[in-house]
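Descriptive analysis of the structure
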Amino acid sequence: MGLGSYISTVFSSVKSLLSGMKLTGYYFTHHKEIVTQQYPENKREGALILPERFRGEVTMPHDENNEHRCTGCQSCELSCPNGSIKIITKQEVQPDGKKKKAIDTWVYHLDMCTFCNLCIEACPTQAIVMGQEFEHSVFDKKKLKKILNKPDSKLKAGVE
Amino acid sequence: MIEHNLLEPDMITEDGDFVINIGPQHPSTHGVLHLKVWLDGETVKKVEPHLGYIHRSIEKMCESLSYRQYIFSTSRMDYLSAHINNQACALAVEMGLGVEVPDRAKVIRTILAELTRLASHALWWGCMGLDLGAVTPFFYAFREREFINDIMEETCGARLTQNFIVPGGLMADIHPNFVPKTKELIKMFRANIDEYNQLLTGNVIFQQRTQNVGFLSKEAAISYGTSGPVARASGVSCDVRKHYPYDAYDRVQFKEILGTTGDSWERYVIRIDEMRESLSIIEQLIDNIPEGDIVAKTKQVIKLPKGEFYSRVETARGELGVLLVSDGGSTPYRVKFRSPNFSNLSALGHIAKGSKIGDLVAMMATLDLVIPDVDR
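Keep in mind that this is a model prediction, so the values were computed, not measured.

The next thing to look at is the overall build of chain B. Of the regular secondary structure elements, chain B holds 16 helices and 8 strands. Relative to a compact globule of 376 residues, whose C-alpha radius of gyration would be 21 Å, chain B shows 21 Å and is just as compact. The C-alpha extent of chain B, read off along each of the three principal axes, is 70 × 50 × 35 Å. With 376 residues in all, chain B has 47% of them scored as buried. Looking at chain B alone, contacts between residues at least 24 apart form 70% of all its contacts between residues at least 6 apart.

Take a look at the structure:
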């Protein structure tokens, strides 16, 4: 490489560097075009909007009468690829004397869940939905084992 | 102390070569890749990748899962093209079942796959700069990637490991915001590729570090089994989307970008051009999403007939093949993944031989390796 081409390379390098810095300088002076958000400050400011389909954790909605829609069919347990769901059922005596299967505890192992949505797909009665909570970290692993049905909750009438 | 270290048998070979280890905890290896490098001064004489640090036996795991369940685990192979991996798995099951996927699902799958490719290439571009010491590109690339992730989050519910595909179609219909947001992305991305070029492509220092190093000839590219942008940079026409169109790729017009020289610079340029092609594919499809079902009817417990089913797709890194062997039961008898990164990594020894150690990281960056896909 001759001296002339060496010097011209140096100058063209500096020129290309400056053209890159022109771009960074543009964003340095145009604060409104910066899209970065500060977490967790954006939570307080209400800038953190999660879409309704966001898969945070499996939840079981209960209505005001403490009733859920889970019949205990265990479709979700079968569809779960990593065994995060365990449903313990019991036989409940109906008012007319017949026995019927109902859930006793709906155990959800959040520590094993991969949020694949297959259980919600499999549920025939829409008893479970994906919640919006995403800050799952706890100091004790035992807290990640959750029981989703509330105490003394009942199956909603009419859900088969 | 130093003298003692030098006398260690592993450090210096009989020929006087210096042996160093790069990784498995090195930021530029993009994961837990361990490279053993034989050096003569600064010249690389031999590179030996050591694998297995992130082996999770996904293939074996899939054999105990049903055909509906095994799709999700493949998101964890090449996590940057998770959606395309899922697509390959679903295509294999659909081939076995003989179901016809509804047109709407086909088109949406293709758009999502191209969005995944864009996100993956954007991340690669950021990391490429980072590997060569330029930190700024990383933040610019994440701006676009974040936008794509938001689109994914809105429609699929997850940002990275979407698991939106079920055998026969899609899990849900697209979100009402999907079409306008994707159109906005196309507009934004086109303008931002020019910013990419201004920031990094036009930089003379960057050009001199990538041009005329890391040659991979056409013959070597074929013999090492490379695919994707790595092989196309060497002039091998190997785009699965073009040669064996799946889903909706047969109804779009796009160019297969081929290089000639096969050096690091060519591999860089090809990916930048591929981003433009992906944008044009999305642009062709986004206005023509047909109405109709999003999923074909399949039984709750899928059982494939006895036999072997092979599907292939083009991920952001190359050709992914899924081989399913079925014995007629509800779980696969054997699952084999032909992953693009494994073959692309095998070419690294050939590419790096005889070059300087400073260029090794640049070459590795242009291969765009994702280590969990190498080990599976």
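Looking now at the pairing of strand β4 (residues 99-109) of chain A. Residue and element names in this part refer to chain A. Sheet topology note: the strand β3 (residues 85-93)/β4 ladder contains 9 bridges and is antiparallel. Opposite K90, over in β4, you have A102 as the bridge partner. Counting the residues that bridge the hairpin from β3 to β4 gives 5 residues, and of these G97 lies at a positive phi of roughly 90 degrees. Where β4 and strand β6 (residues 145-147) come together, 3 bridges link them in antiparallel fashion. Looking at β6, one finds that Y108 is bridged to K146.

How big an interface is tends to be reported as the loss of accessible area on association of its parts. Across the contact, 23 residues belong to chain A and 21 residues belong to chain B. Elements that contribute at least two residues to the side of chain A that touches chain B include exactly α1 (3-29) and α4 (118-122) of chain A. At 9 residues, the largest contribution of residues to the side of chain A that touches chain B is made by α1 of chain A.

What follows covers the domain arrangement of chain B. Residue and element names in this part refer to chain B. Splitting chain B by domain gives domain 1 (2-50) and domain 2 (58-375). The C-alpha centroid of domain 2 is placed 32 Å from the C-alpha centroid of domain 1. If you look at the interface, domain 1 gives 15 residues, while domain 2 gives 18 residues. Of all the elements in the fold, those that place two or more residues in the side of domain 1 that touches domain 2 are β2 (34-40) and β3 (43-50). Element by element, the count of residues in the side of domain 1 that touches domain 2 is highest for β3, at 6 residues.

Here we take up the nonpolar core. Residues and elements named next belong to chain B. One finds L115, L348 and M363 to be the most contacted residues of the largest nonpolar core, which totals 116 residues. Top contributing element to this core by residue count: helix α5 (residues 103-131), with 14 residues. Residues contacting L115, with those up to four places away along its chain left out, are I148, I151, M152 and I282.

A word on the domain arrangement of chain A. Taken domain by domain, chain A comprises domain 1 (3-36) and domain 2 (58-155). On a C-alpha basis, the centroid separation for the pair domain 1 of chain A and domain 2 of chain A is 57 Å.

In this model, Y39 of chain A is joined to P40 of chain A through a cis peptide bond whose omega is 5 degrees. Looking at the secondary structure, you find P40 of chain A in the loop between α1 and α2 (41-44). Although it is not a glycine, N212 of chain B adopts a positive phi angle of roughly 60 degrees. Counting through the fold element by element, N212 of chain B comes out in the loop between α8 (204-210) and α9 (218-223). By the C-beta count within 10 Å, which is 12 here, N212 of chain B ends up exposed.

With that out of the way, let us pick up the pairing of strand β7 (residues 319-326) of chain B. Residues and elements named next belong to chain B. For strand β6 (residues 307-314) and β7, the ladder comprises 8 bridges, and the chain directions are antiparallel. Opposite G307, over in β7, you have S326 as the bridge partner. Hairpin geometry of β6 and β7 is characterised by an intervening segment of 4 residues between the two adjacent antiparallel strands and by a positive phi of about 145 degrees at G318. Pairing between β7 and strand β8 (residues 334-338): 5 bridges, direction antiparallel. Pairing of V325 across the sheet is with R334, part of β8.

This next bit is on the packing of α5 of chain B against helix α6 (residues 136-156) of chain B. Residue and element names in this part refer to chain B. Interaxial distance between α5 and α6 falls to 8 Å at its minimum, and their mutual angle equals 160 degrees. By the angle class used here, α5 and α6 are roughly antiparallel. Note that α5 runs across α6; the crossing there is left-handed. Counting all contacts with α5, which are made through L115, L118, A119, A122, L123, W125, G126, G129 and L130, the residues of α6 involved are P137, F138, A141, F142, E144, R145, I148, N149, I151 and M152. For the contact of α5 with α6, the residue count by class is 14 nonpolar, 3 polar and 2 charged.

With that settled, the discussion passes to the sheet that holds β4 of chain A. All names here are of chain A. An order of β3-β4-β6 is seen for the 3 strands of this open sheet, with the pairing classed as antiparallel. Single-partner strands in this sheet number two, and they are β3 and β6. Mean inter-strand twist for the sheet, computed between neighbouring axes without regard to direction, equals 25 degrees.

Moving on, we get to the environment of E77 of chain A. All names here are of chain A. Relative to the elements of secondary structure, E77 occurs in helix α3 (residues 75-79). Taking the C-alpha atoms as reference points, E77 and C123, 46 residues apart in sequence, are found 9.6 Å from one another. Residues contacting E77, with those up to four places away along its chain left out, are I85, K86 and I87.

Definitions and cut-offs
- Residues numbered from 1 in each chain as written.
- Chains lettered and ligands numbered in written order.
- Predicted model: local features only at pLDDT ≥ 70, side-chain atom pairs only at ≥ 80, totals over all residues.
- Helix = DSSP H or I, 4+ residues; strand = E, 2+ residues; numbered from the N terminus.
- Rg over C-alpha atoms; globule rule 2.2 N^0.38 Å.
- Buried ≥ 20, exposed ≤ 12 C-beta atoms within 10 Å, placed from the backbone.
- Contact = placed C-beta atoms within 7 Å.
- Pairing = 2+ DSSP bridges.
- Domains from an automatic or database assignment.
- Core = buried A, V, L, I, M, F, W, Y, C linked by C-beta atoms within 7 Å.
- Axes fitted to C-alpha atoms, helices over the stretch in contact; angles between N-to-C directions.
- Parallel < 35°, antiparallel > 145°, perpendicular 65-115°, else oblique.
- Left-handed = near helix turned anticlockwise from the far one by under 90°.
- Nonpolar A, V, L, I, M, F, W, Y, C, P; charged D, E, K, R; others polar.

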